Amino acid sequence: MAASAPTPHATGFPAEGRCGYYVAKKKRFCRMVVATGKRFCGEHAGAAEEENARKRIVCPLDPKHTVYEDQLAKHLKKCNSREKPKPDFFIQDINAGLKDEADIPEQLVPISSLSEEHLESLIKKLRKASEGLNSTLKDQIMSHPALHDALNDPKNGDSATKHLKQQASILGNIEKLKLLGPRRCFVEFGAGKGKLSHWIDIALKDAEKVHFILVEKMTTRFKVDGKHRKNSMFERLQIDIQHLCLNKIPVLSKEKLPVVGIGKHLCGVATDLALRCLVETYAASCEERNEEPLAKRIKSDKTEKEINTLAKEGNEKSVPEKWTPVAGIVIALCCHHRCDWRHYVGKEYFKALGLGAVEFHYFQRMSSWATCGMRKTSLEASNITTRKDNQNDDSEEHDDRGYRNTDDSTENLPGFLTVGEKKKIGHLCKLLIDQGRIEYLQHKGFRPALQYYTDPLVSLENVLLTALPNHSSSPKTTV
């Protein structure tokens, strides 16, 4: 068999049609495609004799690339890093909460640097504040027929099955709360690929006037936005929840549909921003304007045929008898260590317990103790393996706002506590933070509840927060 041709690297020449500039740091030639008749790409054209007369400078908008100095003005008009016009629904920090400089603590040391006495004092405060709270939540692990075929697909890997089980349980809980029906707008916060909304859309089948708003601040690959049925309407918003004003979104301002806020693994502070976005920015504004939306009028507007059809489908009971801007909230909680005192909705609850920003800071850091020593065991038990370089992997769809945990390693935890004690303390921290959210929702006129929605072997972050307005006809739920 004939020997294969030598590679460009082996011969010391660039690949055909590629830039001839040798990148010493990478020990290879630049791989950019060059224009016909050119030896170098635009980035390295300065190395060519014929291009020496033109100078390249760093782009003032993004130092990661360069531009010809004589073309700077033209480049700035089309540079991808230029500031783009803000949409109408962008209002700076509308959901951020009040910024009280007096509440913001000075630079705090990591938990691993605290003295044993200081840490014991914090744990004592935590246990006192947690007295009377029910630390054993109700199991509400459910499923839904819409995901039956997907769950039983033999091609599924462990990771895909894990996420399908969670989506099925969330969907089952949404249906149990009578929120799965026509004439609604589902707002998915931290939507990622949009799979939760996709399965809700599948479950609703032929339901009319169903809208979905997918909120995600990051650019997302492998979205499922193109797989929806024709009767539904999807809109994807690339925006940070902190700046989102739902009242300014045309479909909500025109159609006046009840909103159902949903989310799967909505990380830390993003949950608080989403709650404030729903019950303060949106609901309070709608009630102040005393709007009468379409959902309130459908009882009198429906024809007898439509009523019989809805009753036959079991959807008539899903229509709220008394309209509310926010028909319900169903959010799978996650990553309490990424919470932030300024944005936290339960500050008044903490203050009533004699706690403040300092205690909150350490409690949200200690919340990682609930999973830090168990993550490896759980993953091994469920035989779940993930690869960051696998583009088809259905990884966790977190709304990562840039917060990082530095105290979740078991190597950094104090030695006077056992692994079991650390885990209990971590769960208490999560419960206390979530209780602040419960109190907030109750104060805003909702009936909230916390429950386990999936097995810890499926996900260690297995708590679901649900809330219904007080005047809803759905059955009462308890914390």
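Residues numbered from 1 in each chain as written. Predicted model: local features only at pLDDT ≥ 70, side-chain atom pairs only at ≥ 80, totals over all residues. Heavy atoms only, no water.

As recorded in an unreviewed UniProt entry, the protein goes by tRNA:m(4)X modification enzyme TRM13 and comes from Rhinolophus ferrumequinum. UniProt annotates the protein under Sequence similarities (unreviewed entry) with the comment "Belongs to the methyltransferase TRM13 family." Per UniProt, the protein has the following entry under Function (unreviewed entry): "tRNA methylase which 2'-O-methylates cytidine(4) in tRNA(Pro) and tRNA(Gly)(GCC), and adenosine(4) in tRNA(His)." (UniProt positions renumbered as here; feature names shortened; annotations may be inferred.)

A.B. asks: Any chance you could explain the overall build of the protein here in plain terms?
C.D. replies: Across its full length, the protein holds 15 helices and 12 strands. When the 479 residues of the protein are sorted by exposure, 49% land in the buried category. Considering only contacts within the protein whose residues lie at least 6 apart along the sequence, 72% involve residues at least 24 apart. Of the roughly 25500 Å² of accessible surface on the protein, 50% is carried by carbon and sulfur atoms. (Helix = DSSP H or I, 4+ residues; strand = E, 2+ residues; numbered from the N terminus. Buried < 20%, exposed > 50% of the residue type's maximum accessible area, 1.4 Å probe, protein only. Contact = heavy atoms within 4.5 Å. Areas by Shrake-Rupley, 256 points an atom, 1.4 Å probe, with all protein chains shown as cover.)

A.B. asks: Would you mind going over the pairing of strand β6 (residues 184–189) with me for this structure?
C.D. replies: Two faces belong to every sheet, and in a regular strand the side chains alternate between them. Across the 6 residues that make up β6, a large majority, 6, are buried. A two-sided burial pattern is seen for β6, the buried positions comprising R184, F186 and E188 on one face and C185, V187 and F189 on the other. Sheet topology note: the β6/strand β7 (residues 210–215) ladder contains 6 bridges and is parallel. Opposite F189, over in β7, you have V215 as the bridge partner. Crossover β6 to β7 through helix α6 (residues 195–204) is right-handed. With 4 bridges connecting them, β6 and strand β9 (residues 259–267) associate as parallel partners. Note that in β9 the partner of F186 across the bridge is V260. (Pairing = 2+ DSSP bridges. Right-handed = clockwise from strand over helix to strand, strands pointing away.)

A.B. asks: Can you walk me through the environment of E208 in this structure?
C.D. replies: For E208, the location among the structural elements is in the loop between α6 and β7. Taking the C-alpha atoms as reference points, E208 and S232, separated by 24 residues in sequence, lie 7.4 Å from one another. Among all residues touching E208, those that are not within four sequence positions of it are P182 and R183.

A.B. asks: Looking at this structure, I do not really get the nonpolar core. What am I missing?
C.D. replies: Where a protein is soluble and globular, its nonpolar side chains tend to be buried together. Formed by 44 residues in total, the largest nonpolar core has its most connected members in F189, I213, I241, L244, L246, I329 and L441. The dominant element in this core, judged by the number of residues it contributes, is helix α8 (residues 268–289), at 11 residues. (Core = buried A, V, L, I, M, F, W, Y, C linked by side-chain atoms within 4.5 Å.)

A.B. asks: Whenever I open this one, the packing of aromatic side chains confuses me. Can you help?
C.D. replies: Two numbers describe a pair of aromatic rings. These are the distance of the centres and the angle of the planes. Counted according to the given criterion, the structure contains 11 aromatic pairs. Both rings, one in Y22 and one in F29, keep their centres 5.2 Å apart while their planes meet at 80°; by these two values the pair is edge-to-face. By relative accessible area, which is 40% here, Y22 ends up partly exposed. A relative accessible area of 18% means that F29 is categorised as buried. Centroid distance W341 to Y344: 6.4 Å. Interplanar angle 35°. Geometry classified as tilted. (Phe/Tyr/Trp six-rings, centres within 6.5 Å; stacked < 30°, edge-to-face > 60°.)

A.B. asks: Would you explain the UniProt feature "domain: CHHC U11-48K-type" (unreviewed entry) in the protein in this entry?
C.D. replies: UniProt marks residues 56–83 with the feature "domain: CHHC U11-48K-type" (unreviewed entry), using the numbering shown here. In residues 56–83, the share of helix is 25% and the share of strand is 21%. The end C-alpha atoms are 22 Å apart.

A.B. asks: Explain helix α5 (residues 158–176) to me, please; I cannot follow it from the model alone.
C.D. replies: Structurally, the α-helix is built with 3.6 residues per turn, so residues lying three or four positions apart point the same way. For α5, built from 19 residues, the straight-helix expectation of 27 Å at 1.5 Å per residue is met to within 8% by its first-to-last C-alpha distance of 27 Å. The first or second residue beyond α5 is K178, which carries a positive phi of 60°. (Expected span 1.5 Å × (residues − 1).)

A.B. asks: Teacher, can you tell me more about the confidence of the model for the protein here?
C.D. replies: Detailed reading of the predicted coordinates is not advisable wherever pLDDT is low. In the predicted model, the protein carries a mean pLDDT of 80, and 76% of its residues have values of at least 70. Within the protein, the element-level pLDDT minimum falls on helix α14 (residues 375–381), averaging 42, and the maximum on strand β12 (residues 463–469), averaging 97. This stretch, residues 374–411, has a pLDDT under 50; its non-local contacts, to residues over four places away or in other chains, come to 85 contacts. Overall, residues 475–479 carries pLDDT values under 50, and its contacts beyond four positions in sequence, including any with other chains, amount to 15 contacts. (pLDDT = per-residue confidence, 0-100.)

A.B. asks: Explain the environment of S285 here, please?
C.D. replies: You can see S285 is positioned in helix α8. For S285, a relative accessible area of 18% puts it in the buried group. Distance from S285 to P325, taken between C-alpha atoms, is 9.2 Å for residues 40 residues apart in sequence. Ignoring anything within four residues of it in the chain, the contact list for S285 reads N247 and E280.

A.B. asks: Hey, could you run me through the sheet that holds β6 in this one?
C.D. replies: In any sheet, the strands associate via hydrogen bonds between backbone groups, in a parallel or an antiparallel arrangement. Across the sheet, 8 strands lie side by side as β5-β11-β12-β10-β9-β6-β7-β8; this open sheet has mixed pairing. A strand with exactly one partner marks an edge of an open sheet, and here the two such strands are β5 (138–139) and β8 (232–237). Strand direction decides the pairing type here: β9 and strand β10 (residues 326–334), joined by 7 bridges, are parallel. Looking across to β10, one finds that L266 is bridged to L333.

A.B. asks: What's the story with unusual backbone geometry in this structure? I'm lost.
C.D. replies: One non-glycine residue, K27, lies in positive phi territory at about 55°. Take K27: it is sitting in the loop between β1 (22–23) and β2 (28–29). You can call K27 exposed: its relative accessible area is 59%. Phi at C335 takes a positive value of approximately 50°, unusual for a residue other than glycine. Here C335 is to be found in the loop between β10 and α11 (347–352).

A.B. asks: Any chance you could explain the packing of α5 against α6 here in plain terms?
C.D. replies: In helix packing, the relevant descriptors are the interaxial angle and the interaxial distance, both defined with respect to the helix axes. The geometry of α5 relative to α6 is characterised by a closest axis approach of 10 Å and an angle of 55° between their N-to-C directions. Considering their axes alone, α5 and α6 lie oblique with respect to each other. You can see that α5 and α6 cross each other, and the crossing is right-handed. Contacts between α5 and α6 involve L164, Q167, I170, L171 and I174 from the former and K195, L196, W199, I200 and A203 from the latter. Of the residues contributing to the contact of α5 with α6, the split by class is 8 nonpolar, 1 polar and 1 charged. (Axes fitted to C-alpha atoms, helices over the stretch in contact; angles between N-to-C directions. Parallel < 35°, antiparallel > 145°, perpendicular 65-115°, else oblique. Left-handed = near helix turned anticlockwise from the far one by under 90°. Nonpolar A, V, L, I, M, F, W, Y, C, P; charged D, E, K, R; others polar.)

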